[in-house]
Amino acid sequence: MKNSILSQRDLAVLWHPCTQMHDHETFPLIPIKSGQGVWLEDFEGNRYLDAISSWWVNLFGHTNPIINAALKNQLDNLEHVIFAGFTHEAAIELAEKLVAITPAGLSRCFYADNGSAAVEVSLKMSFHFWQNSGETKKTKFVTLENSYHGETLGALAVGDVTLYKKTYAPLLMDVITVKSPDCYFREEGESWAHYSTRQFTHLENVLEQNSNEICAVIVEPLVQCAGGMRMYDAVYLKLLRAACDKYNVHLIADEIAVGFGRTGTIFACEQAGISPDFLCLSKGLTGGYLPLSVVLMTDDIYAAFYDDYSKMTAFLHSHSYTGNALACRAALATLNIFESQNVLENNRILAMKMTELSQRFLNHPNVAEVRQKGMIVAIELIKNKFTREPYPWQERRGLHVYRYALSKGVLLRPLGNVIYFMPPYVITTDELTFMFDIAWQAITT
Ligand SMILES: *Cc1c(COP(=O)(O)O)cnc(C)c1O
């Protein structure tokens with residue numbers, strides 16, 4: 001009863017993200033009353049296991065007691081203050097911690113308030129760095145096929161997911177898009193490392209020929225998340241780092257989705273042993289509590305903007321909520337959990353359980369691939385396993401899975417024909433078993 005009343009009020013005045021609102025004439029919207037740990041509860045007492053961490057942001061469960069306590073304390077002292085000319089403890093301490101835990105060489109933090117904004121900052125800053133350095137021909141960015149970096153116009157331009165990009169193409173800056181290392185397309189029997197290495201040639205060629213007009217290459221390290229949880233080998237990042245150095249081009253690592261332990265290490269770049277010139281973070285940064293993002297960069301980059309005011313080299317980008325105190329405090333509490341609990345070790349155990357539970361899917365006639373990096377497992381549904389003919393998008397296979405799973409108490413939100421699991425790190429092995437069982441039923445019924 002309560003669910004439908006709220007739903008009606010919502011649909012009278014709201015417009016939801018990534019949604020054809022017309023769908024809600026047939027599919028009910030679900031008003032959530034409360035959340036605890038991995039569980040969400042609606043107004044009629046139905047519970048849903050949040051298998052996708054509420055769009056990949058939640059790390060340690062809903063209404064986490066540690067983050068809640070930190071926020072309540074911050075709230076009584078300072079909620080927000082202008083971040084130009086002023087500063088506060090939470091912002092400083094968070095920046096100190098981020099510099100300490102991110103790959104070597106990243107020594108400075110610029111805050112923004114969402115992932116797309118962080119990507120915009122990194123693009124503008126890279127371009128501006130080259131302008132300040134006298135390399136005025138550098139105006140282009142290189143991106144990988146099927147990548148995703150957000151929805152604002154600059155971020156959309158450096159992404160390559162047709163569904164989101166196509167309509168706006170006339171508004172977007174020109175970028176150089178190169179073939180992806182996505183291992184879904186490797187030959188039968190070919191290793192991930194071999195395929196990813198082979199695919200690097202495309203990028204190398206582009207840098208070799210056009211580096212004088214290229215500012216930066218932007219990548220999602222190891223997993224192209226919104227592009228269907230497509231994965232590649234760390235060797236690609238190693239080769240990319242070396243080539244960016246060789247051709248004098250920045251490397252922007254967008255770890256907005258994969259940062260903070262998702263792929264098994266705190267940052268995905270660690271698996272390649274590399275440091276980018278820019279690192280974009282958001283999503284899990286605040287444990288899924290509040291919007292905050294940050295771009296980390298090197299001393300060299302900072303130095304190119306640092307001069308007498310009259311030289312007009314300053315980076316004048318700003319957002320009203322830059323360095324919001326509550327958001328910084330939530331992020332500090334999140335990092336505190338990483339420090340005080342054995343998160344990565346515990347995740348290794350959970351990831352092994354996820355490997356085990358996902359094995360049965362391999363033999364399903366409509367499963368082309370099961371792939372995993374740490375706490376992300378993806379199952380690629382396909383119409384014909386042998387020809388690899390995909391389901392036509394009109395069938396909306398993913399939607400069927402979404403609806404079935406919801407009716408059984410699991411929030412899955414497939415990307416097209418890819419079912420994936422990206423649960424909060426506080427999930428138990430029993431809850432993992434339940435989650436995979438429901439997904440199995442969803443694809444077999
Ligand atoms: C989600 C995401 C973004 C955009 O972040 P928003 O906060 O949604 O703007 C950018 N890059 C990657 C890799 C993402 O997954």
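All values reported here derive from a predicted model rather than from experimental measurement.

Parameters and conventions
- Residues numbered from 1 in each chain as written.
- Predicted model: local features only at pLDDT ≥ 70, side-chain atom pairs only at ≥ 80, totals over all residues.
- Heavy atoms only, no water.
- Pairing = 2+ DSSP bridges.
- Helix = DSSP H or I, 4+ residues; strand = E, 2+ residues; numbered from the N terminus.
- Near = heavy atom within 4 Å.
- Polar contact = N/O pair within 3.5 Å; in protein donor to acceptor, adjacent residues only side chain to side chain.
- Areas by Shrake-Rupley, 256 points an atom, 1.4 Å probe, with all protein chains shown as cover.
- Nonpolar A, V, L, I, M, F, W, Y, C, P; charged D, E, K, R; others polar.
- Phe/Tyr/Trp six-rings, centres within 6.5 Å; stacked < 30°, edge-to-face > 60°.
- Buried < 20%, exposed > 50% of the residue type's maximum accessible area, 1.4 Å probe, protein only.
- Salt bridge = Lys/Arg side-chain N within 4 Å of Asp/Glu carboxyl O.
- Axes fitted to C-alpha atoms, helices over the stretch in contact; angles between N-to-C directions.
- Parallel < 35°, antiparallel > 145°, perpendicular 65-115°, else oblique.
- Left-handed = near helix turned anticlockwise from the far one by under 90°.
- Contact = heavy atoms within 4.5 Å.
- Domains from an automatic or database assignment.
- Buried area = accessible area lost by both parts, 1.4 Å probe.
- 1 Å grid on protein atoms, 1.4 Å probe; cavity = no way out; pocket = protein on both sides within 12 Å on 5 of 7 lines; lining within 4 Å.
- Points joined across faces, edges and corners; volume = space filled by probe spheres on them.
- Disulfide = S-S within 2.5 Å.

## Comments concerning the pairing of strand E2 (residues 39-42)
And step 1. Here four bridges tie strand E1 (residues 32-36) to E2, and the two strands are oriented antiparallel to one another. If you follow Gly35 over to E2, its bridge partner there is Leu40.
And step 2. The turn linking E1 back onto E2 is made up of two residues, and Gly37 within it adopts a positive phi angle of 60°.
And step 3. Bridge analysis of E2 against strand E3 (residues 47-50) gives three bridges, and the strand direction is antiparallel. Residue Glu41 lies in a different strand from E3, and its bridge partner there is Arg47.
And step 4. In textbook terms, the turn of a hairpin is the stretch between consecutive antiparallel strands, and for E2 and E3 this stretch comprises four residues, one of which, Gly45, has a positive phi near 85°.

## Points about the sheet that holds strand E15 (residues 410-411)
And step 1. Pairing is mixed across the open sheet formed by four strands, whose spatial order is E1-E2-E3-E15. Each edge of the open sheet carries a strand with a single partner, namely E1 and E15.

## Things to note about the site of the ligand
And step 1. With respect to spatial proximity, the complete set of residues near the ligand consists of Trp56, Asn114, Gly115, Ser116, Tyr148, His149, Gly150, Glu220, Asp254, Ile256, Ala257 and Lys283.
And step 2. Within the side chain of Asp254, a nitrogen or oxygen atom sits 2.6 Å from a nitrogen atom of the ligand.
And step 3. In the model, an oxygen atom of the ligand is placed 2.6 Å from a nitrogen or oxygen of the Lys283 side chain.
And step 4. Burial of the ligand by the protein chains amounts to 83% of its free accessible area of 380 Å².
And step 5. Residues that form the shell around the ligand fall into these classes: four nonpolar, five polar and three charged.

## What to know about the packing of aromatic side chains
And step 1. Within this structure, the stated rule accounts for 19 aromatic pairs.
And step 2. Each ring, one from Phe83 and one from Tyr111, has its centre 6.0 Å from the other, and the planes form 65°; the classification is edge-to-face. Of the two residues, Phe83 sits in the loop between helix H3 (65-77) and helix H4 (89-101) while Tyr111 sits in strand E4 (residues 106-112), which places them 28 residues apart along the sequence.
And step 3. Among the residues examined, Phe83 registers a relative accessible area of 27% and is labelled partly exposed.
And step 4. Judged by relative accessible area, Tyr111 falls into the buried class, the value being 4%.
And step 5. Both rings, one in Tyr232 and one in Tyr236, keep their centres 5.5 Å apart while their planes meet at 75°; by these two values the pair is edge-to-face.

## Here we look at the pattern of salt bridges
And step 1. Per the counting criterion, the structure on display carries 17 salt bridges.
And step 2. Between Arg198 and Glu190 there is a salt bridge; the shortest N-O distance is 2.8 Å.
And step 3. A relative accessible area of 11% places Glu190 in the buried class.
And step 4. For Arg371, the salt bridge goes to Glu380, with nearest N and O atoms at 2.6 Å. Comparing Arg371 with Glu380, the two get one shared label, buried.
And step 5. Through salt bridges with shared partners, a single ionic network connects Asp182, Arg186, Arg230, Glu369, Arg371 and Glu380.

## Topic: the packing of helix H12 (residues 343-358) against helix H14 (residues 429-444)
Helix-helix packing is characterised by the crossing angle of the two axes and by the distance between the axes.
And step 1. The N-to-C vectors of H12 and H14 enclose an angle of 30°; their axes lie 10 Å apart at closest approach. One element, H12, and the other, H14, form an angle in the roughly parallel class. When you trace H12 past H14, the crossing you get is right-handed. Residues Leu350, Lys353, Met354, Leu357 and Ser358 of H12 form the contact with H14, whose participating residues are Thr429, Leu432, Thr433 and Phe436.
And step 2. In terms of residue class, the contact of H12 with H14 is made up of five nonpolar, three polar and one charged.

## Side note on the domain arrangement of the protein
Quoted interface sizes are often the accessible area lost when the parts come together.
And step 1. Structurally, the protein comprises domain 1 (31-63 + 342-444) and domain 2 (69-340).
And step 2. Look at where the C-alpha atoms of domain 1 and domain 2 centre, and you get two points 26 Å apart.
And step 3. Counting residues at the interface gives 33 residues for domain 1, matched by 31 residues for domain 2.
And step 4. When domain 1 packs against domain 2, close to 2,600 Å² is buried across both sides, 62% of that on carbon and sulfur atoms.
And step 5. Counting every contact that joins domain 1 to domain 2 gives two salt bridges.

## A short note on unusual backbone geometry
And step 1. Of note in this structure, Asn146 is not a glycine but carries a positive phi near 65°.
And step 2. With respect to the secondary-structure elements, Asn146 resides in the loop between strand E5 (140-144) and helix H6 (153-157).
And step 3. In this structure Asn146 comes out as partly exposed when scored by relative accessible area, which is 21%.
And step 4. The backbone of Met312 sits at a positive phi, close to 55°, despite the residue not being glycine.

## Section: the environment of Val178
And step 1. Here Val178 lies in strand E6 (residues 176-178).
And step 2. Taking the C-alpha atoms as reference points, Val178 and His202, 24 residues apart in sequence, are found 6.3 Å from one another.
And step 3. In this view, Val178 contacts Val142, Thr143, Leu144, Glu145, His202, Leu203 and Val206; residues no more than four positions away in its chain are not counted.

## Considering empty space enclosed by the protein
And step 1. Applying the stated criterion across every chain, the model contains one cavity of 30 Å³ or more.
And step 2. Computed from the structure, the largest cavity encloses a volume of approximately 40 Å³.
And step 3. Along the walls of the largest cavity sit Ser147, Tyr148, His149, Gly150, Ala155, Leu156, Gly159, Asp160, Val161, Tyr164 and Lys165, which together make up its complete lining.
And step 4. Counting only elements with at least two residues in the lining of the largest cavity, the list comes to H6 and helix H7 (162-165).
And step 5. Considering only residue class, the lining of the largest cavity consists of five nonpolar, four polar and two charged.

## Section: the state of the cysteines
And step 1. Summed over all chains, the structure comprises zero disulfides.
And step 2. Free of any disulfide, Cys183 has its nearest neighbouring cysteine sulfur in Cys225, separated by 15 Å.
And step 3. The exposure class of Cys183 is buried, given its relative accessible area of 1%.
And step 4. With no disulfide of its own, Cys328 lies 9.6 Å from the sulfur of Cys109, the closest cysteine sulfur.
And step 5. Given a relative accessible area of 0%, Cys328 falls into the buried group.

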